[in-house]
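# Reading the structure
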Amino acid sequence: MVAAMNLSAAEAGATRLDTYASMVGIRGFEERAQDLFSRSLIRGSIHLGIGQEAVAVGARLASRPGDLVVPTYRGHAYALAWGMSFDAAFGELLGRVTGCCRGRGGSKHFADREKGILPGNAIVAAGLPIGCGTALADRLDKRDRVTIVPFGDGATNQAAFHEALNLASVWSLPVVFLCENNLYGEMTPLANTVRIERLSDRAAAYGMPGVQVDGMDVEAVAAVVGEAVDRARSGGGPTLVEALTYRFCGHMPGDTEPYRTREEVDRWRERDPITSQRERILRDGLDVAEIALREKSVEAALAAAEGAALAAPAPDASDIALGTPEWMEWER
Ligand SMILES: Cc1ncc(C[n+]2csc(CCOP(=O)(O)OP(=O)(O)O)c2C)c(N)n1
Ligand SMILES: [Mg+2]
């Protein structure tokens with residue numbers, strides 16, 4: 001059981017079925033987002049992480065409520081795993097006043113201050129120094145909080161990655177660097193951009209532990225990130241975790257995926273983290289009907305939230321300046 005693993009006390013009550021339902025909800029949200037986009041109902045672009053759900057959900061399982069996350073532009077899963085409601089997420093996706101940022105942020109900028117979800121942003125590797133900043137603020141103000149920073153394999157070639165890892169290590173900041181290695185930076189295969197096998201080896205250059213984990217296994221992610229979170233919280237400094245994962249969808253809508261083969265995608269689909277978690281639950285002896293009931297309730301919640309968002313109004317032009325200074329001022 002999840003409860004038997006090295007998870008935080010607050011989350012130890014989460015059952016395997018809860019974990020499964022969380023991934024099913026994220027997958028369902030993103031499939032609906034894909035459909036909404038194809039019907040021209042979403043402004044701007046969207047970047048989906050279909051197939052990568054176990055990394056976000058595993059990281060959430062490993063952390064405590066109140067711990068921070070700094071998502072990337074592929075960050076829906078983190079916002080939802082960190083407790084954002086489907087209503088707030090669909091509202092934001094569709095630019096409605098019911099969205100988490102009153103519809104002014106859109107897909108890439110899901111945020112919720114109370115839930116510890118910092119606004120995502122589209123600058124590759126920008127989240128790493130931001131995470132150092134929140135971790136330093138927590139250290140200075142003696143808050144018992146950890147910051148988790150997800151980013152892609154492509155981000156590990158950015159200067160900001162190296163600066164952030166070095167600073168976090170030197171100052172023993174309470175931060176976990178979580179690399180989602182999905183083998184591609186946009187359309188470029190990883191092998192074209194690095195000469196090392198394991199990105200987690202880069203941690204050695206900064207004197208911190210570097211660990212690789214199966215990113216298609218939510219419980220494996222939870223265990224490895226859990227150790228890193230414990231180390232960070234107890235003053236042991238940062239860790240670089242490399243989760244090996246894969247996105248089943250294109251980098252963005254319109255990506256015709258000429259850079260990879262159908263066979264490669266199919267091979268990874270066989271390792272779908274949702275399917276394997278379902279198999280785990282069945283091995284635990286849970287009834288198929290009970291799982292189906294939970295799936296139905298997630299589906300109903302998604303449908304209701306999508307419908308409500310579609311019916312909600314866009315924000316009014318009169319409140320264009322709303323929240324600019326105070327919304328950006330994170331508590332100190
Ligand atoms: C600083 C910067 N350079 C380039 C881009 C364009 N860009 C958007 S996504 C991306 C690839 C990032 O790949 P990776 O970090 O592996 O994340 P993934 O998209 O695979 O999740 C690039 C180069 C950008 N957004 N920001
Ligand atoms: Mg990538």
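Provided above is the structure to which this section pertains.
Figured I'd write up the structure that's included with this text. (Residues numbered from 1 in each chain as written. Chains lettered and ligands numbered in written order. Predicted model: local features only at pLDDT ≥ 70, side-chain atom pairs only at ≥ 80, totals over all residues. Heavy atoms only, no water.)

It is worth spelling out the pairing of strand β6 (residues 210-214) at this point. Pairing between β6 and strand β7 (residues 239-244): five bridges, direction parallel. The residue bridging Val-211 from the neighbouring strand is Val-241, located in β7. Once the chain exits β6 it traverses helix α7 (residues 218-233) before rejoining the sheet at β7, and the crossover so formed is right-handed. (Pairing = 2+ DSSP bridges. Helix = DSSP H or I, 4+ residues; strand = E, 2+ residues; numbered from the N terminus. Right-handed = clockwise from strand over helix to strand, strands pointing away.)

Attention now moves to the site of ligand 1. Contacts to ligand 1 come from 15 residues, most closely from Tyr-73, Arg-74, Ala-122, Gly-154 and Tyr-184. Between ligand 1 and the protein, one listed contact pairs an oxygen atom with a side-chain N or O atom of Arg-74 at 2.7 Å. Residue Tyr-184 places a main-chain N or O atom 2.9 Å away from an oxygen atom belonging to ligand 1. When the free accessible area of ligand 1 is taken as 580 Å², the share hidden by the protein chains comes to 73%. For the shell around ligand 1, the per-class residue count stands at six nonpolar, six polar and three charged. (Near = heavy atom within 4 Å. Polar contact = N/O pair within 3.5 Å; in protein donor to acceptor, adjacent residues only side chain to side chain. Areas by Shrake-Rupley, 256 points an atom, 1.4 Å probe, with all protein chains shown as cover. Nonpolar A, V, L, I, M, F, W, Y, C, P; charged D, E, K, R; others polar.)

Turning to the pattern of salt bridges, a few remarks are in order. This model, assessed by the stated rule, comprises 21 salt bridges. Residues Arg-32 and Glu-306 are paired through a salt bridge, measuring 2.5 Å at the closest nitrogen-oxygen approach. You can see Arg-32 sitting in helix α1 (residues 16-38) and its partner Glu-306 sitting in helix α10 (residues 288-311), a full 274 residues away along the chain. With a relative accessible area of 19%, Arg-32 lands in the buried category. When its relative accessible area of 7% is taken as the criterion, Glu-306 is described as buried. Measuring nitrogen to oxygen at the nearest pair gives 3.8 Å for the salt bridge that ties Arg-39 to Glu-306. In this pair, Arg-39 sits in the loop between α1 and α2 (53-62) while Glu-306 sits in helix α10, placing the two residues 267 residues apart along the sequence. Accessibility expressed as a relative area gives 44% for Arg-39, which makes it partly exposed. Residues joined in a network through salt bridges with shared partners are Arg-16, Asp-217, Glu-219, Arg-280 and Asp-284. (Salt bridge = Lys/Arg side-chain N within 4 Å of Asp/Glu carboxyl O. Buried < 20%, exposed > 50% of the residue type's maximum accessible area, 1.4 Å probe, protein only.)

What follows is about the coordination of the magnesium ion (ligand 2). Ideal values for angles at a metal depend on the geometry: 109.5 degrees with four tetrahedral donors, 90 or 180 degrees with six octahedral donors. Each protein donor to the magnesium ion (ligand 2) is listed here as Asp-153 (OD), Asn-182 (OD1) and Tyr-184 (O); together their distances run 2.1 to 2.2 Å. In the primary structure, the donors to the magnesium ion (ligand 2) are separated according to the pattern D-x28-N-x1-Y. Like Tyr-184, Asn-182 is buried. (Donors = N, O, S within 2.8 Å, 3.2 Å for Na, K, Ca; no water.)

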